[in-house]
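# Analysis of the macromolecular model
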2 protein chains.
Amino acid sequence: MEKIEIFAPATVANLSCGFDVLGCCLDSIGDTMIVRKNQINEIRITKITGQDLPTDPLQNVAGVAVYALLKELGSQQGFDIEIHKKIKPGSGIGSSAASSAGAVFAVNKLLDEPFKPVDLVRFAMTGEMLASGNAHADNVAPAILGGFSLVRSYEPFEVLSLPVPGDLRVVVLHPQIEIKTRDSRSIIKQNISLKSAINQWGNLAAFISALYTNDYELIGRSLKDEIIEPVRSILIPYFDDLNGVAMDKGALGFGISGSGPSVFALCKGEEKARDVKQALSNFFSTKDIAFDIHSSTINRTGIKIL
Amino acid sequence: MEKIEIFAPATVANLSCGFDVLGCCLDSIGDTMIVRKNQINEIRITKITGQDLPTDPLQNVAGVAVYALLKELGSQQGFDIEIHKKIKPGSGIGSSAASSAGAVFAVNKLLDEPFKPVDLVRFAMTGEMLASGNAHADNVAPAILGGFSLVRSYEPFEVLSLPVPGDLRVVVLHPQIEIKTRDSRSIIKQNISLKSAINQWGNLAAFISALYTNDYELIGRSLKDEIIEPVRSILIPYFDDLNGVAMDKGALGFGISGSGPSVFALCKGEEKARDVKQALSNFFSTKDIAFDIHSSTINRTGIKIL
């Protein structure tokens, strides 16, 4: 195979109770990428549409992720990478992750799959390091593996795939202000109270249990974050109002997607997701900030070959 | 029914990754209690064997737990409570929890079960408050509910029962030094690093997943505690040596039971548990500290009527 075209999905990381360890993959929004082998032993970002991003492969998350893969493989093969961005950088739904995960997925396919998906997650994390100064996996893992991903441990690196309750829907609203992951991380306190941590891990543990038992109400009760959300939500316009609107319409839970400014609501079933999306949309339309809004099923397979 | 005799089991709380939220119930060790209705509208601790504990019901965890139940019920019924202790106080395997959980379980039965098990957990927690100054539920919940219990939230109070992988065995070694839960709690730092907390909740989440998927190796990898264990293990003689002995013999994981000084090893299968028990026993026999050691299946039903 000389050329591959893929869909690189958006992802929602953290999911309130799982800061830096939990994420899920979306179906309805993502980038398209076309990757071709070249004969000049170089990585080139040959085209980027939709966003103004660096084409220097050392400054582009897709480029550095591919370099990491090729270095471990000891390969000199060159690739030309086209990126057609639909996911806005700084939106909080894994824009950099889609590019870095998509690039290593495509390159691995073109090389006849020398690496397993979990290795691709590791390579894609180098892209996250470039984007945010932190090699987190809670976007790149679900982008590559699909469904819900849990990062058990970073050293040694281990990621688990969790079951996906069939009726789960995600509504994502992106207020078009930009918050860089790097900035959004810098306001987080590096020490937290043990009491808050206990509350958080009780909720995360219950959330995991609920995924196995299809307990939608428990999913809702567990979607709590008393550590990061109180700090980061200050950066998000109308956060508390949006939370209220979503919960009033019957969302299971509501929170910040990744490092924001996007917010997400989990809902049970298509109809409820439509209601919540409509209500959030109606509310935000009265404000003076442009926004995107999406409703999506959980993408169980991750990156797709087109 | 005028009289009931019960087995009130020992429990292992925290299980390394689940400080204050996780616990499991044991089969092979526990107290016996006999509770009778009396006609004098008084709670009396009429007999305690095996240990020197207060018979004033306001100073005894069984007494205060029963008071809490009767108060919520608005009942004047009196009860005589006999406690035959096999679980040593201060051992770290839920001695106070067995007494308070056993007492409310027995009283609830004698009153024709006005309360659900989860309510009994709440009442038993008042006993824990008396014993340790902290109304934790990670011993009383598994004592009453059996199996693995997860406390999702204390306010509002919610506890979940988790699945029990069939081959799981627990080896518990109790070095006979006493550490009071109250003292053992006082050395814990009330602020922790966010990084440690993230590692901890990644492991706890993975442990929960492993219980659902019967993944014994993952149970082992998740049994980590970088927050509490480094501080508390200092109080436990030969902790690192015991850890090494258990892991060398093929234990899945090793840690502090509750607030110590008991330590536990989780093992897959009867034979492995026997090997680990023997090796720990051999090691500790060379030391100058008396000890008890038990190997147990997980008790799936909790308190039993005899």
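Keep in mind that this is a model prediction, so the values were computed, not measured.

With 36 residues of chain B at the interface, the matching set in chain A holds 36 residues. Between chain B and chain A, the buried area comes to about 2,800 Å², and carbon and sulfur atoms account for 69% of it. Among the residues of chain B in contact with chain A, B:Arg152, B:Leu194 and B:Trp201 are the three that bury the most area, contributing 27% of the side total. Among the salt bridges present, the one from A:Arg221 reaches B:Glu158, with a minimum N-O distance of 2.6 Å. If you look at where chain B meets chain A, you find 13 residue pairs in polar contact (both at pLDDT 80 or more). Put simply, the parts of the chain that give the side of chain B that touches chain A at least two residues each are β5 (148-153), β6 (158-162), β8 (191-193), α6 (194-213) and α7 (216-222) of chain B. The element contributing the most residues to the side of chain B that touches chain A is α6(B), with 15 residues. Split by residue class, the side of chain B that touches chain A holds 20 nonpolar, eleven polar and five charged. One ladder, built from three bridges, connects strand β8 (residues 191-193) of chain A with β8(B); its direction is antiparallel. Paired with A:Ile192 across the bridge in β8(B) is B:Ile192.

Oppositely charged side chains are able to pair whenever their charged atoms sit close together. What the rule picks out here adds up to 22 salt bridges over all chains. Measuring nitrogen to oxygen at the nearest pair gives 3.0 Å for the salt bridge that ties B:Arg122 to B:Asp119. In this pair, B:Arg122 and B:Asp119 both sit in helix α3 (residues 117-132), three residues apart, roughly one turn of the helix. Look at the salt bridges and you will find they share partners, linking A:Glu72, A:Asp119 and A:Arg122 into a network.

With that settled, the discussion passes to the relation of the copies chain B and chain A. The two copies are related by a screw motion: chain B maps onto chain A through a turn of 180° and a shift of 0.0 Å along the axis, at an RMSD of 0.0 Å. When the rotation and shift are considered jointly, the pair of chain copies conforms to a two-fold rotation axis. Most of the interface of chain B is mirrored in chain A: 100% of its interface residues are interface residues there too.

Moving on, we get to the packing of aromatic side chains. Tallying each qualifying case throughout the model produces 15 aromatic pairs over all chains. Measuring from ring centre to ring centre gives 5.9 Å for A:Phe148 and A:Phe207, while their planes differ by 70°; the resulting arrangement is edge-to-face. Of the two residues, A:Phe148 is situated in strand β5 (residues 148-153) and A:Phe207 in helix α6 (residues 194-213); the sequence distance between them amounts to 59 residues. Pairing B:Tyr238 with B:Phe283 gives two aromatic rings, centres 5.9 Å apart and planes at 75°, and the pair type is edge-to-face. Here the residue B:Tyr238 occupies a position in the loop between α8 (229-232) and α9 (239-248), and B:Phe283 occupies one in helix α10 (residues 270-285), the gap between them amounting to 45 residues. Under the relative-accessibility criterion, B:Tyr238 is labelled partly exposed at 33%. An aromatic cluster is defined as three or more aromatic residues linked by ring pairs; in this entry it consists of A:Tyr238, A:Phe283, A:Phe284 and A:Phe291. Here the guanidinium or amino end of B:Arg122 rests over the ring plane of B:Phe123, the centre of that ring lying 5.1 Å away. Across the ring face of B:Tyr238, the terminal group of B:Lys287 is positioned such that the distance to the ring centre comes to 4.9 Å.

With that settled, consider the sheet that holds strand β9 (residues 253-256) of chain B. Residue and element names in this part refer to chain B. Pairing is antiparallel across the open sheet formed by four strands, whose spatial order is β9-β10-β7-β11. Each of the sheet's edge strands pairs with one partner strand only, and the pair in question is β9 and β11 (291-297). Mean inter-strand twist for the sheet, computed between neighbouring axes without regard to direction, equals 20°. As judged from the four bridges shared by β9 and strand β10 (residues 263-268), these two strands associate in the antiparallel manner. Residue pairing for β10: Ile256 is matched across the bridge by Val263.

All right, on to the environment of B:Glu178 then. Residue and element names in this part refer to chain B. Of note, Glu178 is situated in the loop between β7 (168-175) and α5 (181-186). Measuring from C-alpha to C-alpha, the distance between Glu178 and Cys17 comes to 23 Å, with 161 residues separating the pair along the chain. Filtering out sequence-adjacent residues up to four positions away, Glu178 remains in contact with Pro89 and Gly90.

We now examine the pairing of β5(A). Residues and elements named next belong to chain A. Taking burial as the measure, the six residues of β5 include six buried ones, the bulk of the element. Pairing geometry for strand β2 (residues 22-38) and β5, over three bridges, is antiparallel. Among the inter-strand pairings, Leu22 is bridged to a residue of β5, identified as Leu150. Bridge count for β5 against strand β6 (residues 158-162) is five bridges, and the pairing is antiparallel. When the sheet's bridge partners are listed, Ser149 is paired in β6 with Ser161. What sits between β5 and β6 in their antiparallel hairpin is a turn of four residues.

Quick look at the domain arrangement of chain A now. A common measure of how large an interface is: the accessible area buried when the components associate. Residue and element names in this part refer to chain A. As assigned here, chain A comprises domain 1 (3-163) and domain 2 (168-297). Inter-centroid distance (C-alpha atoms) of domain 1 to domain 2 is 23 Å. Taken together, the contact between domain 1 and domain 2 spans 33 residues of the former and 40 residues of the latter. Together, the buried faces of domain 1 and domain 2 total about 2,700 Å²; carbon and sulfur atoms form 61% of this surface.

Next up on the list: the side chain of B:Ser100. Residues and elements named next belong to chain B. Within the fold, Ser100 resides in helix α2 (residues 95-110). Owing to a relative accessible area of 0%, Ser100 belongs among the buried residues under this scheme. A polar atom in the side chain of Ser100 sits 3.4 Å from the backbone oxygen of Ala124. Excluding its chain neighbours within four sequence positions, the residues that come into contact with Ser100 are Val61, Ala62, Ala65, Ala124, Gly127, Glu128 and Val140.

Procedures and definitions
Residues numbered from 1 in each chain as written. Chains lettered and ligands numbered in written order. Predicted model: local features only at pLDDT ≥ 70, side-chain atom pairs only at ≥ 80, totals over all residues. Heavy atoms only, no water. Contact = heavy atoms within 4.5 Å. Buried area = accessible area lost by both parts, 1.4 Å probe. Salt bridge = Lys/Arg side-chain N within 4 Å of Asp/Glu carboxyl O. Polar contact = N/O pair within 3.5 Å; in protein donor to acceptor, adjacent residues only side chain to side chain. Helix = DSSP H or I, 4+ residues; strand = E, 2+ residues; numbered from the N terminus. Nonpolar A, V, L, I, M, F, W, Y, C, P; charged D, E, K, R; others polar. Pairing = 2+ DSSP bridges. Least-squares fit on C-alpha atoms with pLDDT ≥ 70 in both. Phe/Tyr/Trp six-rings, centres within 6.5 Å; stacked < 30°, edge-to-face > 60°. Buried < 20%, exposed > 50% of the residue type's maximum accessible area, 1.4 Å probe, protein only. Lys NZ or Arg CZ within 6 Å of the ring centre and 35° of its normal. Axes fitted to C-alpha atoms, helices over the stretch in contact; angles between N-to-C directions. Domains from an automatic or database assignment.

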